[in-house]
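# Overview (structure and organization)
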Amino acid sequence: HFLRFEAMLEHYYEGLARPLLERQLSPAPDDGLYGPMVRAYADQISRALLRAAATAGASENDDVGMEKMVIGVLGDSVTSGQDNCYYDAWPEVLRRQISPMFAAMGLDVEVRNAGKNGGWNLASQMMCAHDMLG
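Here's what I pulled together on the structure shown here.

Conventions used here
- Residues numbered from 1 in each chain as written.
- Predicted model: local features only at pLDDT ≥ 70, side-chain atom pairs only at ≥ 80, totals over all residues.
- Heavy atoms only, no water.
- Helix = DSSP H or I, 4+ residues; strand = E, 2+ residues; numbered from the N terminus.
- Contact = heavy atoms within 4.5 Å.
- Areas by Shrake-Rupley, 256 points an atom, 1.4 Å probe, with all protein chains shown as cover.
- Salt bridge = Lys/Arg side-chain N within 4 Å of Asp/Glu carboxyl O.
- Buried < 20%, exposed > 50% of the residue type's maximum accessible area, 1.4 Å probe, protein only.
- Core = buried A, V, L, I, M, F, W, Y, C linked by side-chain atoms within 4.5 Å.

## Comments concerning the overall build of the protein chain
- Helix and strand counts for the protein chain stand at seven helices and two strands.
- In the protein chain, the succession of α and β elements from N to C terminus is α-α-α-β-α-α-β-α-α.
- Taking the contacts inside the protein chain whose residues are at least 6 apart along the sequence as the reference set, 58% of them involve residues at least 24 apart.
- Carbon and sulfur atoms form 56% of the exposed surface of the protein chain, whose accessible area is close to 9,100 Å².

## Here we look at the environment of Gln82
- Summarising the element assignment, Gln82 is placed in the loop between helix H4 (77-80) and helix H5 (90-104).
- Setting aside its immediate chain neighbours within four residues, Gln82 contacts Ser77 and Asn117.

## Considering the pattern of salt bridges
- This structure, assessed with the given rule, holds five salt bridges.
- Between Arg95 and Glu92 there is a salt bridge, with the nearest N and O atoms lying 2.6 Å from each other. Of this pair, Arg95 and Glu92 are both found in helix H5, three residues apart, which corresponds to roughly one turn of the helix.
- For Glu92, a relative accessible area of 14% gives the class buried.
- Taking the shortest distance from any N to any O, the salt bridge between Arg112 and Glu110 comes out at 2.9 Å.

## Remarks on the nonpolar core
- The biggest cluster of nonpolar side chains holds ten residues, and these are Phe5, Leu49, Ala52, Met69, Leu94, Ile98, Met101, Phe102, Leu107 and Val109.
- Those elements that place two or more of their residues in this core are helix H3 (34-54), H5 and strand S2 (107-113).
- For this core, the element with the highest residue contribution is H5, accounting for four residues.
- The residues contacting Phe102, other than those within four sequence positions of it, are Leu49, Met69, Leu107 and Val109.

Shown next, in the form of structure tokens:
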């Protein structure tokens, strides 16, 4: 499951979304720091997944016995689903795509979408991230 997930992410980020992301990410993909930054993010996500999977089923306060992995997303109207049906917004698509892999590890995945329509820059969203995402 991990290899398919990795391939899906690489296809998305290196193919379909690369032009958009190149305008958003710093350092740029051709910068020497880009690769280490992406690997550091992947390492953080992997550790969170492994930690959650290791404790899956051990929680007594969960009705179904599955540990919950929460992913919070910030963004603009595209993230919030204002430009299309919420069902087709990328955070919901992400949730549907990764849920089977998480379920196989005994984890329930929840994607909290705190995308805001118009005029909310990242700095403004980061100040309120805890309140918006939990």
